[in-house]
Amino acid sequence: MNLKIDNNMIWLIGAACILAAALVIFLNYRRTKKTMNTIEQMLARADDVRFLEKTFDESRMSALETKFAHFLTASAVSAKNVAAEKAKIETLISDISHQTKTPIANLLLYSELLQEADLPDDVRGNAEAIYTQTEKLRFLIDSLVKLSRLENGIITLSPKRTPLLPMLQSIHDQLSPKAAEKGLILQLRDAEHIAGISAVCDAKWTAEAVCNLVDNAIKYTAQGSVTISVTAYELFVRIDIADTGIGISEEEHVKIFSRFYRSQGARDKEGVGIGLYLAREIVNGEGGYIKVSSEVGKGTVFSVLLPK
Ligand code: ADP
């Protein structure tokens, strides 16, 4: 009998323990849920920069919530500072871009008019130099404005599935006269095959990058051809721009992608050394990359690899 009572008591104590444990788990669960809700609320407010630490009653918050509140307040302040800095940079870039347009256009116009006038040879040479240098300045300002906008996140790339043929055809048509002027053949290889190929990229910016590469290929090739071709792989697409030009030595393969780098052999051609840097920034921003293979005196192939 005594044994039975003892057994019942043990059962009772056991049941009480289980109930107590369940209660503790339940209370803990509610507390965690409440904390999570508070944190979620804080994050939502931090996300749209409405977060104010004083909105939350510290006495009701756990130590974690308080620490988190401090962190979010600091983040909100620095997010506001970053946004303000970004706005200042954008204003500065727009000002430079707008305010230099008219004087540069005027310089180009007047130096063109000068070249048309009846001038002694040396003066005509000076007028031509003014025109060329102004063109260079215009290109440099345009490129630097684009770069700053990209690097500061003022312009964001929006990659989406893009058929490659229209883009490459338009680059081909746009640069063919320039190639022809130098007696070069610019060809888009196997257009029918390219017609079925798409890549995930931002059409406008990718066109800018590829255009820079084709333009370079024409600039650094004295005779022969420049060929654009496309190869599709399972996960990515490769656009090759191959030329039969001066080539690039192996030790310069990395250097040429730096800002303002120009190799010795290229100094007799007009340029500012920013085209490749910009092209790489664009393609990297789309999740792709650019590589180069070249042999001095034989030619160069730039390959743009884009996600498929
Ligand atoms: P830029 O052509 O204005 O000098 P880029 O940034 O476009 O500037 O190119 C950087 C350098 O890379 C060039 O100065 C040249 O030395 C080299 N380069 C680029 N493309 C070619 C090419 N297709 N063939 C030979 N050299 C090239």
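Structural data are supplied above this passage.
Cut-offs and rules
Residues numbered from 1 in each chain as written. Predicted model: local features only at pLDDT ≥ 70, side-chain atom pairs only at ≥ 80, totals over all residues. Heavy atoms only, no water. Helix = DSSP H or I, 4+ residues; strand = E, 2+ residues; numbered from the N terminus. Rg over C-alpha atoms; globule rule 2.2 N^0.38 Å. Contact = heavy atoms within 4.5 Å. Areas by Shrake-Rupley, 256 points an atom, 1.4 Å probe, with all protein chains shown as cover. Lys, Arg positive; Asp, Glu negative; His and termini not counted. Charge placed at Lys NZ, Arg CZ, Asp CG, Glu CD. 1 Å grid on protein atoms, 1.4 Å probe; cavity = no way out; pocket = protein on both sides within 12 Å on 5 of 7 lines; lining within 4 Å. Points joined across faces, edges and corners; volume = space filled by probe spheres on them. Nonpolar A, V, L, I, M, F, W, Y, C, P; charged D, E, K, R; others polar. Patch = residues over 30% accessible without salt bridge, like charges linked within 9 Å, V, L, I, M, F, W, Y side chains within 5 Å. Salt bridge = Lys/Arg side-chain N within 4 Å of Asp/Glu carboxyl O. Core = buried A, V, L, I, M, F, W, Y, C linked by side-chain atoms within 4.5 Å. Buried < 20%, exposed > 50% of the residue type's maximum accessible area, 1.4 Å probe, protein only. Expected span 1.5 Å × (residues − 1). Pairing = 2+ DSSP bridges. Axes fitted to C-alpha atoms, helices over the stretch in contact; angles between N-to-C directions. Parallel < 35°, antiparallel > 145°, perpendicular 65-115°, else oblique. Left-handed = near helix turned anticlockwise from the far one by under 90°. Phe/Tyr/Trp six-rings, centres within 6.5 Å; stacked < 30°, edge-to-face > 60°. Lys NZ or Arg CZ within 6 Å of the ring centre and 35° of its normal.

Colleague: Tell me about the overall build of the chain, and please be specific about residues and values.
Modeller: Of regular secondary structure, the chain possesses seven helices and seven strands. When the elements of the chain are put in sequence order from the N terminus, they spell out α-α-α-β-α-β-α-β-α-β-β-α-β-β. Here the chain has a C-alpha radius of gyration of 32 Å; the compact-globule value for 308 residues is 19 Å, and the former is much larger. Across its three principal directions, the C-alpha atoms of the chain cover 125 × 45 × 35 Å. Long-range contacts, defined as pairs at least 24 residues apart, comprise 69% of the intrachain contacts of the chain with a sequence gap of at least 6. When the accessible surface of the chain is split by element, carbon and sulfur atoms take 60% of a total near 18900 Å². A gap of 10 Å separates the mean positions of the 36 positive and 38 negative side-chain charges of the chain.

Colleague: Outline the layout of surface pockets, listing residues and values.
Modeller: Approximately 1200 Å³ is the volume attributed to the largest pocket. Around the largest pocket, the lining is made up of 50 residues, and of these Asp215, Asn216, Lys219, Tyr220 and Glu270 lie nearest the centre. Those elements that place two or more of their residues in the lining of the largest pocket are α3 (121–151), α4 (164–181), α6 (203–219), α7 (275–285) and β7 (299–307). Residues of the lining of the largest pocket, tallied by class, amount to 18 nonpolar, 16 polar and 16 charged.

Colleague: Describe the environment of Ala179, naming the residues involved and giving the relevant values.
Modeller: Structurally, the position occupied by Ala179 is in helix α4. Remark: the alpha-carbon pair of Ala179 and Glu286, spanning 107 residues in sequence, is separated by 29 Å. Beyond its immediate sequence surroundings of up to four residues, Ala179 is in contact with Leu184, Leu186 and Ile218.

Colleague: Now, about a nonpolar patch on the surface: what can you tell me, with residues and values included?
Modeller: A surface patch of nonpolar side chains, amounting to about 440 Å² of accessible area, comprises Leu23, Phe26, Leu27 and Tyr29. Examined against the element boundaries, Leu27 turns out to sit in helix α1 (residues 2–47).

Colleague: Before we move on, could you go through the nonpolar core and cite the residues and values that matter?
Modeller: Judged by nonpolar contacts, the single largest core of 47 residues is most densely connected at Leu164, Leu168, Val214, Ile239, Ile241 and Phe302. The element contributing the most residues to this core is α6, with eight residues. In this structure Phe302 touches Leu213, Ile239, Asp240, Ile241, Ile248, Ile256, Phe257, Leu276, Ile290, Lys291 and Val292, once residues within four positions along its chain are discounted. Counting residues in each nonpolar core, the second largest holds five residues, with Ile93, Leu108, Ile141 and Val145 among its members.

Colleague: Describe α3, listing the residues and the values that go with them.
Modeller: Its 31 residues give α3 an end-to-end C-alpha distance of 44 Å, which sits within 8% of 45 Å, the value for a rise of 1.5 Å per residue. Taken as a whole, α3 has its buried residues at Ala127, Thr134, Ile141, Ser143, Val145, Leu147, Arg149 and Leu150.

Colleague: Tell me about the sheet that holds strand β2 (residues 185–188), residues and numbers included.
Modeller: Sheet strands pair by backbone hydrogen bonding; their relative direction is either parallel or antiparallel. Taken together, the five strands give an open sheet; going across it, the order is β2-β4-β5-β7-β6, and neighbouring strands pair in mixed fashion. Strands at the two margins of the open sheet, each flanked by one partner only, are β2 and β6 (289–295). For this sheet, the mean angle separating the axes of adjacent strands, direction not counted, is 15°. Direction of pairing for strand β5 (residues 236–243) relative to β7: antiparallel, over a ladder of eight bridges. Counterpart to Asp243 in the pairing with β7 is Thr300. In this fold α4 packs onto β2, β4 (225–232) and β5, with an angle of close to 175° to the strand it touches most, β2. Sheet strands in contact with α6 are β2, β4, β5, β6 and β7, and its direction is about 25° off that of β5.

Colleague: Report on the packing of α3 against α7, specifying residues and quantitative values.
Modeller: The geometry of α3 relative to α7 is characterised by a closest axis approach of 11 Å and an angle of 30° between their N-to-C directions. When the axes of α3 and α7 are compared, the pair comes out roughly parallel. Crossing geometry of α3 relative to α7 is assigned as left-handed. On the side of α3, the interface is formed by Lys146, Leu147, Leu150 and Glu151, while α7 contributes Tyr277, Leu278, Glu281 and Ile282. When the residues that make up the contact of α3 with α7 are grouped by side-chain class, the tally is five nonpolar, no polar and three charged.

Colleague: Explain the packing of aromatic side chains residue by residue, including any values.
Modeller: One pass over the structure, following the stated rule, counts two aromatic pairs. Judged by centre distance (6.2 Å) and plane angle (80°), the rings of Phe257 and Phe302 are edge-to-face. Of this pair, Phe257 sits in the loop between β5 and α7 while Phe302 sits in strand β7; the two residues are 45 residues apart in sequence, bridging distant segments of the chain. Of the two residues examined, Phe257 and Phe302, each falls in the buried class. The ring of Phe257 has Arg280 lying over it, and the distance from NZ or CZ to the ring centre is 3.7 Å.

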